[in-house]
Every structure is written in C-alpha cells, then in structure tokens.
Amino acid sequence: MAVKTATVTLDGTNLRFVARSGSGHSVVLDDGRGDTGPRPAELIPMALAGCTAMDVISILRKKRQEVTRYEVRAEGVQMDDHPNAFTRVDVLHVVEGPAIDVDALCRA
C-alpha cells in the first residue's frame, strides 16, 4: 500500500501557502484576493482529471490506439455554504485519433 504525503506551509501574511508533495514537488495555493496560485478546492477536479487521464491514456496505448489529442475536463459543483463540499463532479474525455475504437475507449 502506498502512502502519499503533503505539507502545506503559510507563505506570508495573507492566505498564500506552499504545498509540497512527498515526492518533492511544490504548488503555490492562494485565495481569490492574492491570486498567485490555484485555490485548494480547484485541485480536487484537477487531481481527478489528472489521475483519470493517466489511467485512460495508459490503457489506450496498451490497446495500440493512436491518440493524437487527449484532454480531460473536470467540472465540480461546490456548495456555497460551509462545509463547501462538492455535490457533483462531471468528467469529460476529449479523444482524437485517426481510427479510435470507441468500444476500447469506453472500456478504458
């Protein structure tokens, strides 16, 4: 079982933070006033899109599907009031290639 870690450190006097992953990569997080990085909640659909994209493209390549363009769009609906939970996330896969097998794509 893999363990993933993150450390978030305040950077200044506003709501800017630097997030560091266990693998040593950094992302600046901020609110709308500072606007020097994404809001933390924006990382949720971003992470979902990224994880999904990596899995699907890996499967499509194993199936020898020639993909010339691949994009994953994730849109999350978040409550306005506390606890600001996501109530819905829609994920759209945009795939282009000369002869994509739609069944293989759907299984991926």
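In this text the structure is predicted, and so the values were computed from the model without any measurement.

1. Some thoughts on the pattern of salt bridges
Here comes step 1: Under the definition given, this model contains 7 salt bridges.
Here comes step 2: Note that Arg69 is salt-bridged to Glu71, the shortest N-O span being 3.1 Å.
Here comes step 3: Close ionic contact of Arg69 with Glu96 constitutes a salt bridge, the shortest N to O distance being 3.3 Å. Taken together, the positions of Arg69 in strand β4 (residues 69-78) and Glu96 in strand β5 (residues 86-96) put the pair 27 residues apart, joining distant regions of the chain.
Here comes step 4: Several salt bridges converge on common partners, so that one network encompasses Arg69, Glu71, Arg73 and Glu96.

2. Brief notes about the layout of surface pockets
Here comes step 1: There is about 370 Å³ of room inside the largest pocket.
Here comes step 2: Elements supplying a minimum of two residues to the lining of the largest pocket: β1 (6-10), β2 (17-21) and β3 (26-29).
Here comes step 3: The class makeup of the residues in the lining of the largest pocket is 6 nonpolar, 6 polar and 2 charged.
Here comes step 4: Roughly 190 Å³ of internal volume is contained in the second largest pocket.

3. Some remarks on the sheet that holds β3
Here comes step 1: Read from one edge of the open sheet, 3 strands run β1-β2-β3, paired in antiparallel fashion. Either end of the sheet is taken by a strand with one partner, and the two such strands are β1 and β3. Averaged over all pairs of adjacent strands, the angle between their axes in this sheet comes to 20 degrees, without regard to strand direction.

4. Some words on the confidence of the model for the protein
Here comes step 1: Looking at the protein as a whole, the pLDDT averages 96, with 100% of positions reaching at least 70.
Here comes step 2: Across the protein, the element-wise mean pLDDT spans from 94 in helix α2 (residues 102-107) up to 98 in β2.

5. Structural notes on the side chain of Gln65
Here comes step 1: Looking at the secondary structure, you find Gln65 in the loop between α1 (43-62) and β4.
Here comes step 2: Dropping the residues within four chain positions of it, Gln65 is found in contact with Leu60, Ala99, Ile100, Asp101 and Ala104.

6. Some remarks on the environment of Asp11
Here comes step 1: When you line up the elements, Asp11 lands in the loop between β1 and β2.
Here comes step 2: The exposure class of Asp11 is partly exposed, given its relative accessible area of 34%.
Here comes step 3: Through-space distance from the C-alpha of Asp11 to that of Val28 is 9.0 Å; in sequence the pair is 17 residues apart.
Here comes step 4: Among all residues touching Asp11, those that are not within four sequence positions of it are Arg16, Phe17 and Val18.
Here comes step 5: A polar contact is formed between the side chain of Asp11 and the side chain of Arg16, at a distance of 2.7 Å.

The rules we used
Residues numbered from 1 in each chain as written. Predicted model: local features only at pLDDT ≥ 70, side-chain atom pairs only at ≥ 80, totals over all residues. Heavy atoms only, no water. Salt bridge = Lys/Arg side-chain N within 4 Å of Asp/Glu carboxyl O. Helix = DSSP H or I, 4+ residues; strand = E, 2+ residues; numbered from the N terminus. 1 Å grid on protein atoms, 1.4 Å probe; cavity = no way out; pocket = protein on both sides within 12 Å on 5 of 7 lines; lining within 4 Å. Points joined across faces, edges and corners; volume = space filled by probe spheres on them. Nonpolar A, V, L, I, M, F, W, Y, C, P; charged D, E, K, R; others polar. Pairing = 2+ DSSP bridges. Axes fitted to C-alpha atoms, helices over the stretch in contact; angles between N-to-C directions. pLDDT = per-residue confidence, 0-100. Contact = heavy atoms within 4.5 Å. Buried < 20%, exposed > 50% of the residue type's maximum accessible area, 1.4 Å probe, protein only. Polar contact = N/O pair within 3.5 Å; in protein donor to acceptor, adjacent residues only side chain to side chain.

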